[in-house]
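An overview of the molecular structure
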Amino acid sequence: MKMAKIGVLALAFALFASGCGGGGNGGGSGGNEAVTLQFMGWEASPLETEAVKKGLDLFMEKYPNIKVEYQPTPGGAQYAQKLLTMLAGNAAPDVFFLGAAEYRSFQERNVLLDLTPTFEAAMSLDDFIPSSARIMEIDGKIYGVSSCTVSPVLFYNKDLFDKANIPYPPSDPSHAWTWDQFRQAAIDLTVKEGDKVVQYGAFGLENFYMTSAEILSNAGQIFTEDGSKIAVNSPEAKEVMQKVLDLRLEHGASPTAKTLESIGMRANQMLQTGKVAMIIEGSWALQELAAMDFPVGVAPLPVFDVPKTHGQAHVHAAAHNTKHPDEAWKLIEFLSSEEYQIQLIKEGLWMPNRKSLYTEDGIAKWHNESVHPEGFKAMARFFAEADAYPFTLITQNIVNDIITEETDKLWYSGQSVDDTMANIEKRSNAELAK
């Protein structure tokens, strides 16, 4: 499950007039009357869509009177645009994926069914890891329930490490590589033929979703505690941004995203083919990497001050005016159950959002030796102790557009780190003040 591209959606939210979909108020079907639920999600990959459909088959076996018609839709702005149009046109699906970074924006528009009474009757926020619980709760209420968590991590090609005689990065977060150890490994794993780099040491940190986790590791903040202002114009954040930039400009150990585009490969393919030795990517990438037939390893992110990552995932929500709120809740509850999420965790797509699945017995339910690399069990608490992804806790996600625009100038146009962070602060705080 890939994160929705939050920045490009902001204009769509600004244009969205308050409305709700699904067709009329009313209760559930009652008894065994047949009900059809429309369920919409984004298609991050064919593998994910197949896994979701398998889960829905289990749900329909459990509730034979409820038929679920799944509508996978292209992700990113296309998905949000379509959902917003359907909500505004009173034609929304009963239940839908909703990006965690869009959740609060939707709730502000009164388009989501309040799930609090049914949620509290069936489960508790205390059942969830802190990042998931914080994301789901809005002013003491629940409008969406998550099924998992995902976080930025470090993936690496073991063959390239073996060839260079470099030890693998530790899996245990308490022994994770420091930034200096990571940087040196990236330099040592960069290979040139003449003036041409044929193997880069690392890729992925010139992406603020990933970089923001390193800022948290450096005891920095993305927003102030109350979310009213951005806080990246700080020594801690600037240090991270400068060192990420230096990895490419000073050390030549990292390509730009445009380099991958020119080669015609995605990061996972670059890792598989040995063109990059390490990638910083979302944990969801393990599902694909595990099926790519090469020895992949995974480790915590390099540490600046403390081991840290952030966690988030889409929630499942229901249209405020769904005709079938009882059945919609049953589907949402199932989609957050161990029964549903464990199958996708075993495939490497997700990590658990329940505290019970991080105990020794809980890990045994989902750990899959054919998918999860050696040492992965030791990484479990890296996910369980993650901070909530900061952009899930605000509503003005046009801020992410600003960050993308300004960091693009940093990565590609020579704008300084100081100017970049000052511009982000000035422009973002003007939006947050609205």
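Just so you know, these numbers come straight off a predicted model, no measurement behind them. (Residues numbered from 1 in each chain as written. Predicted model: local features only at pLDDT ≥ 70, side-chain atom pairs only at ≥ 80, totals over all residues. Heavy atoms only, no water.)

What follows covers the pattern of salt bridges. Per the stated rule, a full pass over the model turns up 17 salt bridges. The salt bridge partner of K243 is E239, with a shortest N-O separation of 3.2 Å. Of this pair, K243 and E239 both sit in helix 10 (residues 235-249), separated by four residues, roughly a single helical turn. A salt bridge links D387 to K308; the shortest N-O distance between them is 3.2 Å. Taken together, the positions of D387 in strand 14 (residues 387-388) and K308 in the loop between strand 11 (296-299) and strand 12 (310-311) put the pair 79 residues apart, joining distant regions of the chain. Each of E405, E406, K409 and R427 takes part in one network of salt bridges that share partners. (Salt bridge = Lys/Arg side-chain N within 4 Å of Asp/Glu carboxyl O. Helix = DSSP H or I, 4+ residues; strand = E, 2+ residues; numbered from the N terminus.)

Right, let's talk about the packing of helix 10 against helix 18 (residues 398-413) for a bit. When two helices pack together, their arrangement is captured by the angle between the axes and the distance separating the axes. Taken N-terminus to C-terminus, the directions of helix 10 and helix 18 make an angle of 35°; their axes are 11 Å apart at the nearest point. As for how helix 10 packs across helix 18, the hand of that crossing is right-handed. For the pair helix 10 and helix 18, contact is made by M241, V244, L245 and R248 and by T407, L410 and W411, respectively. Of the residues contributing to the contact of helix 10 with helix 18, the split by class is five nonpolar, one polar and one charged. (Axes fitted to C-alpha atoms, helices over the stretch in contact; angles between N-to-C directions. Left-handed = near helix turned anticlockwise from the far one by under 90°. Contact = heavy atoms within 4.5 Å. Nonpolar A, V, L, I, M, F, W, Y, C, P; charged D, E, K, R; others polar.)

With that out of the way, let us pick up the pairing of strand 1 (residues 35-43). Regular strands have side chains that alternate between both faces of the sheet. The pairing of strand 1 with strand 2 (residues 66-74) spans nine bridges and is classified as parallel. When the bridges of strand 2 are listed, T36 appears paired with K67. The β-α-β motif built from strand 1, the intervening helix 2 (residues 46-62) and the parallel element strand 2 has right-handed crossover chirality. Taken together, the two bridges between strand 1 and strand 3 (residues 95-98) define a ladder with parallel strand orientation. Across the sheet, residue F39 finds its bridge partner in strand 3, namely V95. (Pairing = 2+ DSSP bridges. Right-handed = clockwise from strand over helix to strand, strands pointing away.)

Ordered by their spatial adjacency, five strands build an open sheet running 2-1-3-13-6, and the pairing between neighbours is mixed. With partners counted over all chains shown, the strands left at the sheet margins are strand 2 and strand 6 (144-146), one partner each. Averaged over neighbouring strand pairs, the angle between their axes works out to 25° when direction is ignored. Sheet topology places strand 6 next to strand 13 (residues 315-318); three bridges connect them, and they run antiparallel. Bridge pairing links G144 to A317 in strand 13. Sheet strands in contact with helix 4 (residues 100-108) are strand 3, strand 6 and strand 13, and its direction is about 120° off that of strand 3.

In total, this model carries 23 aromatic pairs according to the counting rule given. Between F161 and Y168 the ring centres are 6.2 Å apart and the planes differ by 65°, which places this aromatic pair in the edge-to-face class. For Y168, a relative accessible area of 33% puts it in the partly exposed group. Seen in terms of ring centroids, W179 and F304 are 5.1 Å apart; in terms of plane orientation they differ by 25°. Their pairing is stacked. Within this pair, whereas W179 is found in helix 8 (residues 179-188), its partner F304 is found in the loop between strand 11 and strand 12, the two being separated by 125 residues in sequence. Across the pair, F304 and W179 agree in class, each one buried. (Phe/Tyr/Trp six-rings, centres within 6.5 Å; stacked < 30°, edge-to-face > 60°. Buried < 20%, exposed > 50% of the residue type's maximum accessible area, 1.4 Å probe, protein only.)

Right, let's get into helix 18. Over its 16 residues, helix 18 runs 22 Å from end to end, which matches the ideal 22 Å to within 8%, given 1.5 Å per residue. For helix 18, the complete set of buried residues consists of V399, N400, I402, I403, E406, T407, L410 and W411. Here the buried residues of helix 18 occupy an arc of 155° about the axis, which is enough to place them on one side. Close packing links the buried residues of helix 18 with helix 9 (208-217), helix 10 and helix 19 (417-432). Taken from the residues just after helix 18, G414 is the one with a positive phi, measuring 80°. (Expected span 1.5 Å × (residues − 1). Arc of directions from axis to C-beta.)

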